Amino acid sequence: MKFAQEFRKSLQHEGFPPKWVDSAVPYGQLKKCIKKVTNELQELGLDKDTLAQLTAKQKDPSAVAFHYHLDGKAADSKHFRPRLTFFIHLKDGVAIDAKLTPSTRDFLKKIASEAKGTQDTFANESDHAKPVSEPCNSAHTASTEEELLSVRQVEVPLVFDGEFFDILQTDVSNLDALQEEEQSKLGKEITRLGQEIDQATKPSKGRKARGDLETWRNIFELYLDARIFFSTRENDHGARTSTQAVEQLRWFQDQVLSRKLIHGLKLENSRKAYTRFLNMNALLLQILKFQEINNLAVTKILKKFDKRTSLGVSREFPVTIRSNRLLAGSVAKDLCAQMSNDLISVVPQLDDYLCPICFVVAYWPVRLECQHVFCSRCLVKMSRKGERFCPLCRADVIMRAGIENFDTDRAAFLREYFPKEVKEKIRANERERNTEIFGPYSDSSCSVM
Ligand SMILES: [Zn+2]
Ligand SMILES: [Zn+2]
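About the thresholds
Residues numbered from 1 in each chain as written. Chains lettered and ligands numbered in written order. Predicted model: local features only at pLDDT ≥ 70, side-chain atom pairs only at ≥ 80, totals over all residues. Heavy atoms only, no water. Helix = DSSP H or I, 4+ residues; strand = E, 2+ residues; numbered from the N terminus. Buried < 20%, exposed > 50% of the residue type's maximum accessible area, 1.4 Å probe, protein only. Contact = heavy atoms within 4.5 Å. Areas by Shrake-Rupley, 256 points an atom, 1.4 Å probe, with all protein chains shown as cover. Patch = residues over 30% accessible without salt bridge, like charges linked within 9 Å, V, L, I, M, F, W, Y side chains within 5 Å. Salt bridge = Lys/Arg side-chain N within 4 Å of Asp/Glu carboxyl O. Lys, Arg positive; Asp, Glu negative; His and termini not counted. Charge placed at Lys NZ, Arg CZ, Asp CG, Glu CD. Donors = N, O, S within 2.8 Å, 3.2 Å for Na, K, Ca; no water. Tetrahedral: all angles 85-135°; square planar, octahedral: opposite > 155°, others 65-115°. pLDDT = per-residue confidence, 0-100. Phe/Tyr/Trp six-rings, centres within 6.5 Å; stacked < 30°, edge-to-face > 60°. Expected span 1.5 Å × (residues − 1). Core = buried A, V, L, I, M, F, W, Y, C linked by side-chain atoms within 4.5 Å. Arc of directions from axis to C-beta.

Scanning the chain from N- to C-terminus turns up 16 helices and 7 strands. In the chain, which comprises 449 residues, the share counted as buried stands at 44%. Sequence-distant contacts, at least 24 apart, represent 67% of the contacts inside the chain between residues at least 6 apart. For the chain, the exposed surface amounts to about 24,800 Å²; the carbon and sulfur share of it is 51%.

So, in structure tokens, the structure goes:
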């Protein structure tokens, strides 16, 4: 299937909102514009084969025959200013070191002779209209030998390439604006949902709230494991494609179902919040898909432009274009970061509160001067062995720690959010202390002699 058809079909069948479809890359319009560009070039004797032949010479900088440059930084304009510039031997009008068709040679010869007489023709580009090699401005007076060496830079005026890039840049800017709008809407919804889950599952609110908190913790743990839109793992680091994201999202939902986690949500608000959470992910997926196909459309249309003109824009356009979102592809990454900051973090994960030495919840928590937190038990053992340095940052702080280093806020927080783990840790600490005092003992019932 041709890409134009494929693109149209995706736009129709993926369930994108009409507003999005209206802002999609106007592929058909751009294709027509390429036709105008090729006609224009052909009228000038610059068909794609001729330009391709000249392009082949570009590799050798001393033999550069033409430059096609997209000036995207013109201060007075929001738009591109493409410039097609030829470097021509003044004597015979042949572009440097290239074999041209007679019509092209005639054309360039004509331009060159015009440029000789009336430099003002290209005066708006006067900085470009200087001879490249010496002698400067000596076309009229130069000796034969010098004349052979002299090369003139001539800008070829084109109309429709400017139109093409204007349409493309305008659309990319519109798409950026649309993505910004969607990102901000979804961002607000993420924050709101985070606040609601936080409120509903405050452990102080009772048994159901505590149970739901536990269930949310399991759900978010799975969600993080699924790395749906973005992976932080070393082997597949980076943003996912929409196809990968669909697969990961499906895995996550299957896991939630098979572990009966939705049944674990006892509060109605929690169950509603879970549906909203899924919808949010579906929307993020849509945004990603939409971004992907539009990105592809930009790549394809630029390739087509190159194929028809041999001007080599697909290398330069993505660098010159102004696009913070569509081509930068940062939306999914940004939203995922927000998801973990504003939503997932409202349900504290045990991993963030483990003692880095014994890998059990750090209770009682002791915050050393270097701000690293350990459980009191591990620090007591270290100081008994005379170890003075923090195992994480090697600061000389262990011997200086005292009662004031107990982090009472953290302790209260841990008792509230991880009551089970805290109780277990207290019991383990007691067992260990008893063993130290009374020696090893077994749990089996005491036998009296
Ligand atoms: Zn510890
Ligand atoms: Zn430290």
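On the surface, Glu221, Asp225, Asp351 and Asp352 cluster together into a negatively charged patch. Inspection of the secondary structure assignment puts Asp225 in helix α8 (residues 207–226).

The next subject is the coordination of the zinc ion (ligand 2). Protein coordination of the zinc ion (ligand 2) is provided by Cys370 (SG), His372 (ND1), Cys390 (SG) and Cys393 (SG), with donor distances spanning 2.0 to 2.4 Å. Around the zinc ion (ligand 2), the 4 donor atoms are arranged such that angles at the metal cover 106 to 114°; this shape is classified as tetrahedral. Along the chain, the residues that donate to the zinc ion (ligand 2) are spaced as C-x1-H-x17-C-x2-C. Placement of Cys370 in the loop between β6 (365–367) and β7 (373–375) and of Cys393 in the loop between α14 (376–384) and α15 (408–417) is noted, with a sequence separation of 23 residues between them.

Per-residue pLDDT for the chain averages 82, and the proportion of residues at 70 or more is 80%. Across residues 117–148 the pLDDT falls below 50, and counting only partners more than four positions away or on other chains, this stretch makes 39 contacts in the model. Per-residue pLDDT stays below 50 along residues 445–449; that stretch engages in 0 contacts with residues further than four places along the chain or on separate chains.

Throughout the structure, instances matching the rule amount to 20 aromatic pairs. Aromatic side chains Phe165 and Phe305 sit 5.3 Å apart centroid to centroid with 50° between the ring planes, which places their arrangement in the tilted category. Note that Phe165 is positioned in helix α7 (residues 160–200) and Phe305 in helix α11 (residues 268–309), a separation of 140 residues in sequence. Both residues of the pair, Phe165 and Phe305, belong to the buried class. Between Phe220 and Phe277, the aromatic rings sit 5.5 Å apart at their centres with planes inclined by 75°, giving edge-to-face as the arrangement. Of the two residues, Phe220 is situated in helix α8 and Phe277 in helix α11; the sequence distance between them amounts to 57 residues. Neither Phe220 nor Phe277 differs from the other in exposure class; each is buried.

Counted at 1.5 Å a residue, the expected span for helix α9 (residues 242–258) with its 17 residues is 24 Å, and the 24 Å between its end C-alpha atoms agrees. For α9, the elements touching its buried residues are α8, α10 (261–264) and α11. One or two positions beyond α9, positive phi appears at Lys260, with a value near 55°.

A general tendency of soluble globular proteins is for nonpolar side chains to be buried together. Ranked by internal contacts, the top residues of the largest apolar core, which has 92 residues, are Leu84, Phe164, Phe229, Phe252 and Phe277. The greatest single-element share of this core, amounting to 16 residues, is contributed by α11. Discounting residues that sit within four places of it in the chain, Phe277 has contacts with Leu193, Phe220, Tyr223, Phe252, Met339 and Leu343.

Within the protein, the zinc ion (ligand 1) binds to Cys355 (SG), Cys358 (SG), Cys375 (SG) and Cys378 (SG); these donor distances fall in the range 2.3 Å. Around the zinc ion (ligand 1) sit 4 donor atoms; with metal-centred angles ranging over 99 to 117°, the donor geometry is tetrahedral. The sequence pattern describing where the donors of the zinc ion (ligand 1) fall on their chain is C-x2-C-x16-C-x2-C. With Cys358 in the loop between α13 (331–343) and β6 and Cys375 in strand β7, the pair connects residues that are 17 residues apart, well separated along the chain. The exposure class assigned to Cys375 is buried, which follows from its relative accessible area of 0%.

When the terminal C-alpha atoms of helix α16 (residues 419–438) are compared, their 28 Å separation across 20 residues agrees well with the 28 Å that a helix rising 1.5 Å per residue should span. Listed as buried for α16 are Glu421, Val422, Lys425 and Asn429. End-on, the buried residues of α16 take up no more than an arc of 95°, which puts them together on one face. In α16, the exposed positions angled more than 90 degrees off the buried face are occupied by Lys420, Lys423 and Phe438. Buried residues along α16 sit in contact with β7, α14 and α15. Within two residues after α16, Gly439 carries a phi angle of roughly 85°, on the positive side.

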